[in-house]
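Listed below are the residues making up each chain.
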Amino acid sequence: MAAPAATQSALQKFINSPAGPKTIHFWAPAMKWALVIAGVGDLQRPAEVLSASQNASLAATGLIWTRYAMVITPKNFTLCTVNVFVAATGLTQLARIYKYRQTDEYKQKVAEGKA
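All of these numbers come straight from a predicted model, not from anything done at the bench.

Caption draft 1: Up close: the overall build of the protein chain. Of regular secondary structure, the protein chain possesses five helices and zero strands. The secondary structure elements of the protein chain, listed N-terminal to C-terminal, are α-α-α-α-α. In terms of principal-axis extent, the alpha carbons of the protein chain reach across some 70 × 25 × 15 Å. Counting over 115 residues, the protein chain shows a buried share of 27%.

Caption draft 2: Structural view of the pattern of salt bridges. All chains considered together, the criterion is met by three salt bridges. Taking the shortest distance from any N to any O, the salt bridge between Glu 48 and Lys 109 comes out at 3.5 Å. Of the two residues, Glu 48 is situated in the loop between helix H2 (24–41) and helix H3 (52–71) and Lys 109 in helix H5 (residues 104–112); the sequence distance between them amounts to 61 residues. For Glu 48, a relative accessible area of 41% gives the class partly exposed. Judged by its relative accessible area of 25%, Lys 109 is partly exposed. We note a salt bridge from Lys 109 to Glu 105, for which the minimum N-O separation is 3.8 Å. Of the two residues, Lys 109 and Glu 105 are both situated in helix H5; the distance of four residues between them amounts to about one turn of the helix. Judged by its relative accessible area of 42%, Glu 105 is partly exposed.

Caption draft 3: Broad picture of the side chain of Asn 76. Its place among the elements puts Asn 76 in the loop between H3 and helix H4 (77–101). With a relative accessible area of 2%, Asn 76 lands in the buried category. Among all residues touching Asn 76, those that are not within four sequence positions of it are His 25, Pro 29, Ala 69 and Met 70.

Caption draft 4: Structural view of the packing of aromatic side chains. What the rule picks out here adds up to five aromatic pairs. Considering the side-chain rings of Phe 26 and Trp 27, the 4.8 Å spacing of their centres and the 90° angle between planes classify their relative orientation as edge-to-face. With a centroid separation of 5.4 Å and an interplanar angle of 50°, the aromatic rings of Trp 33 and Phe 85 are classed as tilted. Of the two residues, Trp 33 sits in helix H2 while Phe 85 sits in helix H4, which places them 52 residues apart along the sequence. Each member of the aromatic cluster is reached from another via a ring pair, and the members are Phe 14, Phe 26 and Trp 27.

Caption draft 5: Summary view of H4. With 25 residues, H4 extends 36 Å between its outermost C-alpha atoms, agreeing within 8% with the 36 Å of an ideal straight helix rising 1.5 Å per residue. In the core, the buried residues of H4 are packed alongside H2, H3 and H5.

Calculation criteria
- Residues numbered from 1 in each chain as written.
- Predicted model: local features only at pLDDT ≥ 70, side-chain atom pairs only at ≥ 80, totals over all residues.
- Heavy atoms only, no water.
- Helix = DSSP H or I, 4+ residues; strand = E, 2+ residues; numbered from the N terminus.
- Buried < 20%, exposed > 50% of the residue type's maximum accessible area, 1.4 Å probe, protein only.
- Salt bridge = Lys/Arg side-chain N within 4 Å of Asp/Glu carboxyl O.
- Contact = heavy atoms within 4.5 Å.
- Phe/Tyr/Trp six-rings, centres within 6.5 Å; stacked < 30°, edge-to-face > 60°.
- Expected span 1.5 Å × (residues − 1).

Here it is, written out as structure tokens:
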């Protein structure tokens, strides 16, 4: 049985909270950081090999789940935070893809039928 809230340390309060590590509300966002790490890793890849549809999906899911994290009970700030970063990495990659597709190099590949 958990100790009364007044006698719990900050660590015990976190562990026993409705969004603490004893619940899926903690572990789902923790595992989702892998998407952010992968997105940041893709910043090293050339924009011509990035997938616009994949990054649009990441951006959309990040935005949708950010909103969801704020309307559920209990509010899940860790889920909100990770999804802000998922959306940001997806949007950053989409901007890189868009910028690449505006270049003469890409337009020449399209004209030659290589893109």
